[in-house]
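If you want the building blocks of each chain, they are given just below.
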Amino acid sequence: MHETIAAARPCPLCGSGSDHAEPFLSDSRDAAKVSASSFASRKVPEYMSHAMVRCRVCDLAYVDRAPSQATLAASYHEADYDSADEAEDAADAYARAIAPVLETLKGRGAALEIGTGTGAFLERLQKAGFQELVGVEPSPAAIAAAPAHRKPWIREGIFVEQDFAPGSFDLICCFMTLEHVRDPGALVASARRLLKPGGVFVSVTHDRRAWLNRLLGCRSPIVDIEHMQLFSDESAKGLLARNGYVEVGGASFRNAYSPSYWLRLVPMPDRLKSNLTAALRGTWLDRRKLAANVGNFMSWGFRPH
């Protein structure tokens, strides 16, 4: 069966056409390597990607012939999930990074997380004083892995603006999700309409221009079949500024994970990686958390009053 070739799309950030784009990544997909874990979070990297171009206007790298939204939604619905421990570690890192932004909020009523996984970050928001918590997650496997007390917060499915009342949230978060959707501009515009005046949208994306990602090149974990676009720090902030947010800012931050998880991300032969990871798991060394800045970038913007 031949794959249907999608029509070329303009840049999903600034709308520039193909005449403003240059090649960025070649198509490295291998059907034999695609599995139920290919669309799972924090998987062992496969180093596969769709062909990507880079927009010379706004610096976004993107898949110009992207799968349909329905195809992407189906892929995440069927994905495996095996990263509950790492989700807790990531939520702790996000909570530390977002703290200065939350200090500027006047209200801590309702919060929405798009792509909530097991709802780990929602629990951190509860501890930070938010009264109403809502998470949207397309993967049934991720929801099934959530502790029972979090499941009432989580709605299964993709994010749809019309499911929520306009102007109803003080905070909307979207962590490691904007790379995965077909139209990140539409998502952040929808989020702005759902925020109360003065409310804030906060995202975390990979920074493809971070030193480690530039050093690893095509062997960076951000080279992924899931990613429809890859941001730099400037294009991540530009996405918010172009969609009506004010006081836009951003900062890189450190993640802390176990040594065995960090090892999963290192480009090395699969058998060697598997053996070393298995040897580390359960040891006293693996119970230590190692913190590093690996090119994750938090950006934020406020709905105007």
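Residues numbered from 1 in each chain as written. Predicted model: local features only at pLDDT ≥ 70, side-chain atom pairs only at ≥ 80, totals over all residues. Heavy atoms only, no water.

Colleague: What exactly am I supposed to notice about the nonpolar core here?
Modeller: One broad rule of soluble globular proteins: the nonpolar side chains tend to lie buried together. Counting residues in hydrophobic clusters, the biggest one holds 35 residues, and the most contacted among them are Ile98, Leu125, Leu171, Phe175, Val202 and Met298. It is helix H2 (residues 84-102) that contributes the most residues to this core, eight residues altogether. Excluding anything up to four places from it in sequence, isoleucine 98 contacts Phe121, Leu171, Cys173, Phe175, Val202 and Met298. Formed by 32 residues, the second largest nonpolar core is a distinct cluster that contains Cys11, Val53, Leu112 and Leu187. (Core = buried A, V, L, I, M, F, W, Y, C linked by side-chain atoms within 4.5 Å. Buried < 20%, exposed > 50% of the residue type's maximum accessible area, 1.4 Å probe, protein only. Helix = DSSP H or I, 4+ residues; strand = E, 2+ residues; numbered from the N terminus. Contact = heavy atoms within 4.5 Å.)

Colleague: Help me understand the pairing of strand E7 (residues 169-175), please; the structure alone is not making it clear to me.
Modeller: Regular strands place their side chains on alternate faces of the sheet. Within E7, seven of the seven residues are buried, which leaves it mostly tucked inside the rest of the structure. Bridging between strand E4 (residues 110-114) and E7 involves three bridges; their strand directions are parallel. Paired with alanine 111 across the bridge in E7 is leucine 171. Following the backbone out of E7, through helix H5 (residues 184-194) and into the adjacent parallel strand E8 (residues 195-206), one traces a crossover that is right-handed. (Pairing = 2+ DSSP bridges. Right-handed = clockwise from strand over helix to strand, strands pointing away.)

Colleague: Quick question: what am I supposed to make of the packing of H2 against helix H3 (residues 120-127) here?
Modeller: The description of two helices packed together rests on the angle between their axes and the distance between the axes. Two elements in contact, H2 and H3, have axes whose closest approach is 9 Å; the angle formed by their N-to-C orientations is 40 degrees. With respect to their mutual orientation, H2 and H3 come out oblique. Note on packing geometry: the crossing formed by H2 with H3 is right-handed. From H2, Ala87, Glu88, Ala91, Asp92, Tyr94, Ala95, Ile98 and Leu102 reach across to H3, where they touch Ala120, Phe121, Arg124 and Leu125. Each residue belonging to the contact of H2 with H3 can be placed in one class, and the counts come to nine nonpolar, no polar and three charged. (Axes fitted to C-alpha atoms, helices over the stretch in contact; angles between N-to-C directions. Parallel < 35°, antiparallel > 145°, perpendicular 65-115°, else oblique. Left-handed = near helix turned anticlockwise from the far one by under 90°. Nonpolar A, V, L, I, M, F, W, Y, C, P; charged D, E, K, R; others polar.)

Colleague: Help me understand the environment of serine 68, please; the structure alone is not making it clear to me.
Modeller: Locating serine 68 in the fold gives a position in the loop between strand E3 (61-62) and helix H1 (69-77). Along the sequence, serine 68 and valine 181 sit 113 residues apart, while their C-alpha atoms lie 9.7 Å from each other.

Colleague: What is the right way to read the sheet that holds strand E1 (residues 21-25) from this model?
Modeller: In a beta sheet, neighbouring strands are held together by backbone hydrogen bonds and run either parallel or antiparallel to one another. Sheet architecture is open: four strands sit in the order E1-E2-E3-E9, paired in antiparallel fashion. Lying at the two open borders of the sheet, with one neighbouring strand each, are E1 and strand E9 (229-230).

Colleague: Got a minute to help me understand the packing of aromatic side chains in this structure?
Modeller: How two aromatic rings sit relative to each other is set out by the distance from centre to centre and by the angle between their planes. For the coordinates displayed, the defined rule picks out ten aromatic pairs. Seen from their ring centres, tyrosine 94 and phenylalanine 253 are 6.1 Å apart, and the 75 degrees between their planes marks the pair as edge-to-face. One end of the pair, tyrosine 94, is in helix H2; the other, phenylalanine 253, is in the loop between strand E10 (246-252) and strand E11 (255-257), and 159 residues separate them in sequence. Of the two residues examined, tyrosine 94 and phenylalanine 253, each falls in the buried class. Aromatic side chains phenylalanine 159 and phenylalanine 164 sit 6.3 Å apart centroid to centroid with 20 degrees between the ring planes, which places their arrangement in the stacked category. Per residue, the accessibility class of phenylalanine 159 equals that of phenylalanine 164, and both read buried. (Phe/Tyr/Trp six-rings, centres within 6.5 Å; stacked < 30°, edge-to-face > 60°.)

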